[in-house]
Structures are given as C-alpha cells and as structure tokens.
Amino acid sequence: MTAADTSPLGSRPGTYILVLETRKAAVIPVGRLGSLRACPGFYVYAGSAFGPGGVGARCARHLRLVKPLHWHIDYLRSRSRILEIWFTYDAIRREHLWASILGRSPGAGVPLRGFGASDCTCPTHLFHFAARPSFLGFRRRVRRICRAHGTISRTRGEVNAGEREAVAGLRKLNAPLPRYG
Ligand SMILES: [Zn+2]
C-alpha cells in the first residue's frame, strides 16, 4: 500500500467497500433475509453513505462491534474482521455500479441473494472470494467502465488480532486494581 492509496476517512458523502475476513465456517442469521453460510475467506460489501457524517461516520459504525444489529452487514460484521475499507467521495452514488463490478470479478461468489440490496435491483451487495481481493484490480475495473469516476482510495480496517489482544492486555494492566473489603 503506497501513501497515495491511503487516506483517513472524512465526513464527506460517498461510496465505500468493506473487505472482511472470516476465519471459521458459521451459519449467521441475517435478520429476515435468512441465514448466511459463512465459510473461511473474504467477504466484500458495497455500500454508500450520503447522510450526516458521510463515509467516515458510517465506517466508524461498521468498525464498532457493540451496536444494535440493523443492516444485513451488521450480522456478518459481528462475526468477522474488517481488513480494509475502499472508498470514494464521488458525488454520484456508486454502490450499485461497484456491486455489479464485484459480481463480475474473477472468483466472486454470491453467498446470500438480496444481501444489502433491499432497496435496489442488484442481486446482492455482498460477494465472497476465496483469495484476498485486489484493490488495484478493482480500481482498474472501475476506471475501465467509468472514466468519469472520482478517485478511489483505501484505508486500513481493524488492527490485527495480535495487536487487538495486546491493546486489550495493556488496558487490563492500566485498569485500577479492584478494591476488597
Ligand atoms: Zn444495488
């Protein structure tokens, strides 16, 4: 990842992709849509955030684990790790274009029809890949189809599991000692 590819998420509206990793097979209930039979690998979800706080606020919500489960993606997110976020501040809502490009990418599978697509005619906004999907490959495909598209950048998702444990351990060490008696 080069410096030009990375950018902190701001409060501007735009379209984003979450690249998630699932390590264990699991059957994940997804609200009224049914169950997602998750298998180890990578899940890629396309969404957009044109409300208050834009892409930054929406992705901060996706990163939080403790929250009411509202969107389809919340159910999968609670059982997986966000590796990367790809995003654009293009003024046009690009999530449906992105979903269709993802669906035609090599190795794309449709784990559950209708996922994230309650309000549109896309078959799904979630795709499964056995191998980690390529940001540069995706950006190339978008540019080939849509020359007027705004810049697409990416940023890191969660810290890795080892780092997370280390941070949790430090928090425990720094916590005040329990008082007895
Ligand atoms: Zn759609």
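Colleague: Teacher, can you tell me more about the overall build of the protein chain here?
Modeller: For the protein chain, the count of helices and strands is five helices and seven strands. Listing every helix and strand of the protein chain by position from the N terminus yields β-β-β-β-α-α-β-α-β-α-β-α. For the protein chain, buried positions account for 28% of its 181 residues. In the protein chain, once contacts between residues fewer than 6 apart in sequence are set aside, the share between residues at least 24 apart is 73%.

Colleague: Help me out: how do you make sense of the sheet that holds strand E1 (residues 14-22) in this one?
Modeller: Strand pairing in a sheet takes place through backbone hydrogen bonds and is either antiparallel or parallel in direction. What the five strands build is an open sheet, ordered E6-E4-E1-E5-E7; its pairing is antiparallel. Two strands close off the open sheet at either side, each with one partner strand: strand E6 (126-129) and strand E7 (152-156). When the angles between neighbouring strand axes are averaged without regard to direction, this sheet yields 20°. Relative to strand E5 (residues 81-88), E1 runs antiparallel, the two sharing seven bridges. Bridge assignment links Val 19 to a residue of E5, and that residue is Glu 84. In the packing of helix H1 (residues 54-63) onto the sheet, the strands contacted are E1, strand E4 (41-49) and E5, and the crossing angle to E1 comes to about 20°.

Colleague: Got a minute to help me understand the nonpolar core in this structure?
Modeller: Here is a general trend for soluble globular proteins: nonpolar side chains tend to be buried in one another's company. Within the largest apolar cluster, 31 residues are counted, with the highest numbers of intra-cluster contacts made by Tyr 16, Ile 17, Leu 18, Val 44, Tyr 45, Ile 85 and Trp 86. With sequence-adjacent residues up to four places away left out, Val 44 is seen in contact with Ile 17, Val 19, Leu 102, Phe 127, Phe 129 and Pro 133.

Colleague: Help me out: how do you make sense of the pairing of E4 in this one?
Modeller: On any regular strand, side chains alternate: one points to one face of the sheet, the next to the other face. Where burial is concerned, most of E4 is hidden: seven out of the nine residues are buried. Examined bridge by bridge, E1 and E4 share nine bridges and lie antiparallel to one another. In the sheet register, Val 19 faces E4, and the bridge partner there is Val 44. Summarising the sheet, E4 and E6 pair through four bridges and their orientation is antiparallel. Along E6, the bridge assignment pairs Val 44 with Phe 127.

Colleague: So what exactly am I meant to see when it comes to the confidence of the model for the protein chain here?
Modeller: Segments scoring low in pLDDT should not have their predicted coordinates read at a detailed level. Put simply, the protein chain has an average pLDDT of 88, and 83% of its residues get 70 or more. For residues 1-7, every residue scores under 50 in pLDDT, and the model assigns this stretch eight contacts once sequence neighbours within four places are set aside.

Colleague: I'm lost on helix H3 (residues 95-103) in this one. Help?
Modeller: Residues that lie three or four places apart on an α-helix share one face, since the helix turns once every 3.6 residues. All of the buried residues in H3 are Glu 95, Trp 98, Ala 99 and Leu 102. What you see down the axis of H3 is that its buried residues fit within an arc of 100°, all on one side.

Colleague: How should the environment of His 72 be read in this particular structure?
Modeller: Inspection of the secondary structure puts His 72 in helix H2 (residues 72-77). Under the C-beta neighbour-count criterion, His 72 is labelled buried, with 24 such atoms within 10 Å. Remark: the alpha-carbon pair of His 72 and Pro 29, spanning 43 residues in sequence, is separated by 9.3 Å.

Colleague: Whenever I open this one, the environment of Ile 101 confuses me. Can you help?
Modeller: Note that Ile 101 resides in helix H3. Along the primary structure Ile 101 and Val 142 are separated by 41 residues, whereas in three dimensions their C-alpha atoms are 7.1 Å apart. Excluding residues within four positions of it along the chain, Ile 101 makes contact with Arg 141, Val 142 and Ile 145.

Conventions used here
Residues numbered from 1 in each chain as written. Predicted model: local features only at pLDDT ≥ 70, side-chain atom pairs only at ≥ 80, totals over all residues. Helix = DSSP H or I, 4+ residues; strand = E, 2+ residues; numbered from the N terminus. Buried ≥ 20, exposed ≤ 12 C-beta atoms within 10 Å, placed from the backbone. Contact = placed C-beta atoms within 7 Å. Pairing = 2+ DSSP bridges. Axes fitted to C-alpha atoms, helices over the stretch in contact; angles between N-to-C directions. Core = buried A, V, L, I, M, F, W, Y, C linked by C-beta atoms within 7 Å. pLDDT = per-residue confidence, 0-100. Arc of directions from axis to C-beta.

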